[in-house]
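# Working through the structure, step by step
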Amino acid sequence: MSQGNIGVSEQVIDPTEDQACTVRQVLDRVGGKWSIGILVAASKGPVRFTELERSVEGISRRMLTLTLRQLERDGLLVRTVYPTVPPKVEYRATEIALELYDSLVTLTTWAERHRATIAAAREAYDREHTLTPVS
């Protein structure tokens, strides 16, 4: 798979947006669908793009690139480019991301432990709330 143009345009920043983040904005970022897996992986030590792509199940290259940029912009990741051919790029968690690590692991462990129970509850709910077609 080529790492050439993966269709990621420059991020547009709204100049009218307040400089200070709200709690909701911070929670949206660190609790995002892809952010948790990326932050957990990067908290274990420097990680390369392809390693993240393999470890974060279901993420596209484009979404990985966008999420990495957002996490870097928010000060949660540091991107280091090494002057090699081909270029080597690594991401590592910052101190504030490392502070968050235990909470993220607790959350993912909870989700793993309860996913079957939640799936069963969804099925039961759907059975109770599905409209039966009128014949």
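All figures in this text were calculated on a predicted structure; none of them were measured in a lab. (Residues numbered from 1 in each chain as written. Predicted model: local features only at pLDDT ≥ 70, side-chain atom pairs only at ≥ 80, totals over all residues. Heavy atoms only, no water.)

## What to know about the overall build of the chain
Just so we agree on the cut-off: The numbering of helices and of strands both runs from the N terminus, where a helix is a DSSP run of H or I of at least 4 residues and a strand a run of E of at least 2. Buried means the residue's accessible area, taken with a 1.4 Å probe over protein chains only, is under 20% of the maximum for its type, while exposed means over 50%, and partly exposed covers the values in between. Contacts between residues were defined by any pair of non-hydrogen atoms, one from each residue, lying within 4.5 Å. Areas reported here follow the Shrake-Rupley algorithm with a probe of radius 1.4 Å; residue values treat only the protein chains shown as occluding.
The helix and strand inventory of the chain stands at five helices and three strands. Listing every helix and strand of the chain by position from the N terminus yields α-α-β-α-α-β-β-α. Burial statistics for the chain: of 135 residues in total, 24% are counted as buried. Across the chain, contacts joining residues at least 24 apart in sequence account for 58% of those joining residues at least 6 apart. Put simply, the chain shows about 10,200 Å² of open surface, and 55% of that area lies on carbon and sulfur atoms.

## What to know about the confidence of the model for the chain
This is how it is decided: pLDDT is a residue-level measure of predictor confidence that goes from 0 to 100.
Put simply, the chain has an average pLDDT of 85, and 82% of its residues get 70 or more. Long-range and interchain partners of residues 1-13, a stretch whose pLDDT sits below 50, account for 19 contacts in this model, where long-range means more than four residues apart.

## Some points on the pairing of strand β2 (residues 77-82)
Going by this rule: Any two strands between which DSSP finds at least two bridges are classified as paired.
In terms of strand pairing, β2 meets strand β3 (residues 88-93) through six bridges, oriented antiparallel. Each bridged residue has a counterpart across the sheet, and for Thr80 the counterpart in β3 is Glu90. The loop that links β2 with its antiparallel partner β3 comprises five residues.

## A short note on the sheet that holds β2
If you walk across this open sheet you meet the three strands as β1-β3-β2, and the pairing is antiparallel. Looking at which strands have only one partner, the edges of the open sheet turn out to be β1 (47-48) and β2. Bridge count for β1 against β3 is two bridges, and the pairing is antiparallel. Among the inter-strand pairings, Arg48 is bridged to a residue of β3, identified as Glu90.

## Concerning the nonpolar core
Rule in force here: The criterion is simple. A nonpolar core is a set of buried Ala, Val, Leu, Ile, Met, Phe, Trp, Tyr and Cys residues joined through side-chain atoms within 4.5 Å.
Within the largest apolar cluster, 23 residues are counted, with the highest numbers of intra-cluster contacts made by Ile38, Leu39, Leu52, Leu64, Leu68, Leu77 and Tyr91. Elements with a contribution of two residues or more to this core: α2 (35-43), α3 (49-55), α4 (61-73), β3 and α5 (95-129). The element best represented in this core is α2, accounting for six residues. Contacts of Leu77, omitting those with residues within four sequence positions, involve Ile38, Leu39, Ala42, Leu68, Leu71, Glu72, Tyr91, Arg92, Ala93 and Thr94.

## Side note on the packing of aromatic side chains
Here is the rule we go by: Aromatic pairing here means that ring centres of Phe, Tyr or Trp (its six-membered ring) are within 6.5 Å. Orientation follows from the plane angle: under 30 degrees is stacked, over 60 is edge-to-face, and everything else is tilted. Put simply, a charge is over a ring when the Lys NZ or the Arg CZ is close to the ring centre, within 6 Å, and near the line of the ring normal, within 35 degrees.
According to the stated counting rule, one finds zero aromatic pairs in the structure shown. Positioned above the aromatic ring of Tyr82, the side-chain terminus of Lys88 is 5.2 Å from the ring centre.

## Notes on the packing of α2 against α4
The condition is simple: Every angle, taken between N-to-C directions, lies between 0 and 180 degrees, and every axis is a line fitted to C-alpha atoms, over only the stretch in contact when it is a helix. Here is the rule for angles: anything less than 35 degrees is roughly parallel, anything more than 145 is roughly antiparallel, 65 through 115 is roughly perpendicular, and the remaining ranges are oblique. Helix crossings fall into two classes, left-handed where the near helix is turned counterclockwise from the far one by less than a right angle and right-handed where it is turned clockwise. Gly falls in the polar group here, along with every residue not listed as nonpolar (Ala, Val, Leu, Ile, Met, Phe, Trp, Tyr, Cys, Pro) or charged (Asp, Glu, Lys, Arg).
Running from N to C, α2 and α4 point in directions that differ by 70 degrees, and their axes come no closer than 10 Å. By the criterion of interaxial angle, the relationship of α2 to α4 is roughly perpendicular. α4 is crossed by α2, and the crossing has right-handed handedness. Facing Ser35, Ile38 and Leu39 of α2, the residues of α4 in contact are Leu64, Thr67, Leu68 and Leu71. In the contact of α2 with α4, the residues fall into five nonpolar, two polar and no charged.

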